[in-house]
Amino acid sequence: MNNTNSYALVFGVSVFDICGFTDNNYRCNDSNPGQVKTSFGGVCRNIAECMSRVGVNTKFISILGDDETGNRMIEHSKLMNYDMSDSLIIEGGHTPTYMAILNHQGEMVSAVVDMKIIDKFTTEFIDSKAETIRNSEYMILDSDRPDIVEHILKNFSGETKFILDPVSAAKAEGVKHLIKYFHTIKPNRYEAEIMCGFKIKNDEDVRKAGKYFVGLGIKNVFITLDEDGIYYNNGVEEGKLKANDVKVVNVTGAGDSFVAGIAHGYMENISLIETLKFAISMSTITISTEETIHPDMCYDLVNKYVDNIQWTHVKYNK
Ligand SMILES: Nc1ncnc2c1ncn2[C@@H]1O[C@H](COP(=O)(O)OP(=O)(O)OP(=O)(O)O)[C@@H](O)[C@H]1O
Ligand SMILES: O=c1[nH]cc([C@@H]2O[C@H](CO)[C@@H](O)[C@H]2O)c(=O)[nH]1
């Protein structure tokens, strides 16, 4: 890192993922032959682990039960070198679980998430972490607890730069009135629709959404577009960038690793396009494996992908 003391902070949930991969054509209302894999997940935990794996000095404030899964996650964070020491451990609490079914193309067909424990986050807890928040270069948030997000944004505005991963369209609804406080947002197409209030069906719509978000004062807008890559707009540079010939095994975690790549680019002060190539490469690596995070994810592997990928870049500005 440029400055070994500077860090990026992630705040949000840690989840135990159970992913079922169907062998062949998925049939609903039936038991599908396939494989079941477990891994540590959670949008924010995934972001924190991926950031640390590519060398970002990372702190992660999360919430866990004092159950076996929670303890294993804390131990794992030490191995992966991100700092969870500010996290809230709930006595008798149940660490969140996510159960997803993926079709033979690696696309999620349905999922259930059990994360009742997040009700235990309080504004008092947040205030007790004020120094950690104030001293961060960036703070990455999801939208699981809109009331807590609002408290953080309004009380620490101007003291760090906020990055939003909305997690899902349903959850994006709860934070859409707050997006002007963010330095960066990373919605997918459906989350962006909720936050801008109109349908995004084509490139013209995505550009209209980008313009709308930039008009609110958001510095960097990144809209993820699945196999079409990413739309970006920072008010000066605008375009679409995508990786070609991507192998898809499991899309779980694609957006999370993208955010980690963005945080890496920001912390290293690299250009917007280099940052995006790094971030998309991280997504490309993520979706090439069954696990939520590729077991070999690291800085050198990402750079190999950056160099070897065939990129398609459409620039809208001159
Ligand atoms: N089917 C795919 N083919 C090629 N690249 C993909 C595919 N799915 C995702 N990606 C890559 O991963 C990035 C993020 O994926 P996606 O658009 O699914 O984000 P997301 O919906 O925010 O992710 P998540 O489901 O993890 O929240 C995309 O911008 C793209 O670069
Ligand atoms: O509501 C949620 N659903 C799913 C997840 C997590 O998303 C990850 C993939 O992006 C996956 O690891 C799951 O735990 C979450 O954190 N919150």
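Residues numbered from 1 in each chain as written. Chains lettered and ligands numbered in written order. Predicted model: local features only at pLDDT ≥ 70, side-chain atom pairs only at ≥ 80, totals over all residues. Heavy atoms only, no water.

If you check an unreviewed UniProt entry, the chain appears there as Pseudouridine kinase from Terrisporobacter mayombei.

Sheet architecture is open: nine strands sit in the order E4-E1-E9-E10-E11-E12-E13-E14-E15, paired in mixed fashion. The strands lining the two open edges of the sheet, one partner per strand, are strand E4 (58–61) and strand E15 (311–315). In this sheet, strand E11 (residues 184–185) lies alongside strand E10 (residues 161–164) in parallel orientation, the contact comprising two bridges. For Leu164, the partnering residue across the bridge sits in E11 and is Ile185. Along the sheet face, helix H9 (residues 254–267) touches strand E1 (8–11), strand E9 (138–141), E10, E11, strand E12 (220–224) and strand E13 (230–233) and points at about 155 degrees away from the line of E12. (Pairing = 2+ DSSP bridges. Helix = DSSP H or I, 4+ residues; strand = E, 2+ residues; numbered from the N terminus. Contact = heavy atoms within 4.5 Å. Axes fitted to C-alpha atoms, helices over the stretch in contact; angles between N-to-C directions.)

Here the focus is the site of ligand 2. Close contacts around ligand 2 come from 16 residues, with Asp17, Gly42, Val43, Lys171 and Asp256 the closest. Between ligand 2 and Val43 there is a distance of 2.9 Å, counted from an oxygen atom to a backbone nitrogen or oxygen. Here an oxygen atom of ligand 2 and a side-chain polar atom of Asp256 are 2.8 Å apart. Relative to its unbound accessible surface of 390 Å², ligand 2 loses 88% to contact with the protein. Among the detected pockets, ligand 2 sits in the largest pocket. Elements that contribute at least two residues to the shell around ligand 2 include exactly strand E2 (15–22) and helix H1 (43–53). (Near = heavy atom within 4 Å. Polar contact = N/O pair within 3.5 Å; in protein donor to acceptor, adjacent residues only side chain to side chain. Areas by Shrake-Rupley, 256 points an atom, 1.4 Å probe, with all protein chains shown as cover. 1 Å grid on protein atoms, 1.4 Å probe; cavity = no way out; pocket = protein on both sides within 12 Å on 5 of 7 lines; lining within 4 Å. Sits in = over half its atoms within 2 Å of the grid points.)

Next up on the list: the side chain of Glu193. In this structure, Glu193 sits in helix H7 (residues 189–196). The buried category is assigned to Glu193, whose relative accessible area is 12%. A distance of 2.8 Å separates the side chain of Glu193 from the backbone nitrogen of Ile200, its partner in a polar contact. In this structure, Glu193 is in contact with Phe198, Lys199 and Ile200, ignoring residues within four places of it in sequence. (Buried < 20%, exposed > 50% of the residue type's maximum accessible area, 1.4 Å probe, protein only.)

In this structure the tally under the stated criterion is nine aromatic pairs. On the numbers, 6.4 Å between centres and 75 degrees between planes, the contact of Phe162 with Phe182 is edge-to-face. With Phe162 in strand E10 and Phe182 in the loop between helix H6 (169–175) and E11, the pair connects residues that are 20 residues apart, well separated along the chain. With centroids separated by 5.5 Å and ring planes inclined at 65 degrees, the aromatic side chains of Tyr212 and Phe213 adopt a geometry described as edge-to-face. Take Phe213: its relative accessible area is 0%, and that puts it in the buried class. (Phe/Tyr/Trp six-rings, centres within 6.5 Å; stacked < 30°, edge-to-face > 60°.)

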